[in-house]
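Given next are the chains, with one letter for each unit.
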Amino acid sequence: MAADARALALTIAGSDSGGGAGIQVDLRTFAVHGVFGASVVTAVTAQNLEGVRAVAGIPEEVVRAQAEAVAEGFRAQAMKTGMLWSAAVVETVAALVEAGRLPAPVVDPVMVAATGDPLLEPDAVAAYTGALFPRARLITPNLDEAALLLGGTITRDTMDDAARELAGRHGCPVLLKGGHLDGDVVDVLCADGRVRAFPNERVTGVSTHGSGCALSAAIAARLALGRGLEDACAGAIAWLHDALVQPITLARGDRLLGIENAGLAIDP
C-alpha cells in the first residue's frame, strides 16, 4: 500500500435506525480513525435507545452479492462483523474468509441487544462456533454471550479462565468484555497463550448503546492501519473509554458515545 494511500476496513453488520449502533456507528468509527469504510448490510432493524421493535434480515444471496462486490472492487486491510442474524449469513461470511476473498474478521458475536431483544436466530450460534470463530482474527464476546457459549455464569474471578477456554475451544484470540459486571470495568484479552487485563473506571450517566460495535470497529480500524492485535485492542479500549468520558448530548437530553470527541492516541 502506498504511503499516502488510505487504509480500508469493511463492516458486515446490521443497520440501526436510531443511529447509535450497527453499521452507522462502525462507519463513524472508521472515519474518525482516518480509515475508509466499506459496508455489507445484513439486517434492517427498527430500534431506538429503548429497544428493538422489528428486524428484517437481508437475504443471504444479497449479503453475498454485497460482500463479493466489495471484495472485487476494493482490498480491505481489516474487517469486522456485527449482527449477522442468520446461520446462512454466518456461513457465507466464513466461506468468503476461508476462500481468501475477505480478511480474517474481528467478530463481535452480536446475539442479544442490551435491552434483551434477540439479534440472532437460534441456529446461528452453531454456525458461529463451527464456521466463523475458527477463521477469526479476534472474537469480542460480552459476558452474556460468553456465558451462552460456555454454558455457565462468568464472574470477575473467572474471566481469565473463561477467555482462555474460549480461545482454546475456538482456536482464535478472545477479548472478553466485562462491562456487564458491577463496579469498574475490566476487559480481558487472551492471545498467543497470554492473558492481559484492561481495567477502566466505570463511566455513569452515558448510554452504552453501540459501545460493543464501536469497540470492534475501532480494533478493526487500528488493524487496518497496521497495528498488532494487542496494541489495537489496547488503543481501542482506551479510545472507547474516552468516548464515554466525552459524550455527545442530543436535543432530548440523551447522552451518547462521543465518537467524534474521543482522542485517538494513534499516530497518523
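Look up a bit, the structure's there.
Residues numbered from 1 in each chain as written. Predicted model: local features only at pLDDT ≥ 70, side-chain atom pairs only at ≥ 80, totals over all residues. Heavy atoms only, no water.

**Student:** I'm lost on the packing of aromatic side chains in this one. Help?
**Tutor:** To describe a pair of aromatic rings, you give the distance between the ring centres and the angle between the ring planes. One pass over the full model with this rule turns up two aromatic pairs. The interplanar angle of 45° and the centroid separation of 5.5 Å between the aromatic rings of tyrosine 128 and phenylalanine 133 together place this pair among those described as tilted. With respect to class, tyrosine 128 is no different from phenylalanine 133; both count as buried. (Phe/Tyr/Trp six-rings, centres within 6.5 Å; stacked < 30°, edge-to-face > 60°. Buried < 20%, exposed > 50% of the residue type's maximum accessible area, 1.4 Å probe, protein only.)

**Student:** For this particular structure, what's the right way to read the nonpolar core?
**Tutor:** For soluble globular proteins, the rule of thumb is that nonpolar side chains tend to be buried together. The biggest cluster of nonpolar side chains holds 46 residues, and the ones touching the most others in it are Leu10, Ile12, Leu102, Tyr128, Leu132 and Leu176. Filtering out sequence-adjacent residues up to four positions away, leucine 102 remains in contact with Leu10, Ile12, Ala67, Ala71, Met79, Leu96 and Val97. Val25, Ala217, Leu229 and Ile259 belong to the second largest nonpolar core, which has 37 residues in total. (Core = buried A, V, L, I, M, F, W, Y, C linked by side-chain atoms within 4.5 Å. Contact = heavy atoms within 4.5 Å.)

**Student:** When you look at the packing of helix α1 (residues 22–32) against helix α7 (residues 211–224) in this model, what are you seeing that I'm missing?
**Tutor:** When two helices pack together, their arrangement is given by the angle between their axes and by how far apart the axes lie. As a packed pair, α1 and α7 sit with axes 9 Å apart at the nearest point and diverge in direction by 40°. Taken together, the axis directions place α1 and α7 in an arrangement best described as oblique. When you trace α1 past α7, the crossing you get is right-handed. Residue-level inspection shows Gly22, Val25, Asp26, Thr29 and Phe30 of α1 in contact with α7, the latter providing Cys213, Ala214, Ala217, Ala218, Ala220 and Ala221. (Axes fitted to C-alpha atoms, helices over the stretch in contact; angles between N-to-C directions. Helix = DSSP H or I, 4+ residues; strand = E, 2+ residues; numbered from the N terminus. Parallel < 35°, antiparallel > 145°, perpendicular 65-115°, else oblique. Left-handed = near helix turned anticlockwise from the far one by under 90°.)

**Student:** Teacher, can you tell me more about the pattern of salt bridges here?
**Tutor:** Here the idea is simple: oppositely charged side chains can pair when their charged atoms come close. Under the counting rule described, the total for this entry stands at 14 salt bridges. Where glutamate 68 meets arginine 64, a salt bridge forms, and the shortest distance between an N and an O atom there is 3.9 Å. Here arginine 64 and glutamate 68 lie together in helix α2 (residues 60–73), a separation of four residues that amounts to about one turn. Owing to a relative accessible area of 26%, glutamate 68 belongs among the partly exposed residues under this scheme. Among the ionic pairs, glutamate 165 bridges to arginine 169, the shortest N-O distance being 2.6 Å. Note that glutamate 165 and arginine 169 are positioned in helix α6 (residues 159–170) at a spacing of four residues, about one turn of the helix. (Salt bridge = Lys/Arg side-chain N within 4 Å of Asp/Glu carboxyl O.)

**Student:** Whenever I open this one, the pairing of strand β2 (residues 36–48) confuses me. Can you help?
**Tutor:** The side chains of a regular strand alternate between the sheet's two faces. Examined bridge by bridge, strand β1 (residues 8–16) and β2 share eight bridges and lie parallel to one another. Residue alanine 9 lies in a different strand from β2, and its bridge partner there is glycine 37. A crossover links β1 with its parallel partner β2, the connecting element being α1, and its sense is right-handed. Note: β2 against strand β3 (residues 51–57), six bridges, orientation antiparallel. (Pairing = 2+ DSSP bridges. Right-handed = clockwise from strand over helix to strand, strands pointing away.)

This is a description of form; function is not addressed.
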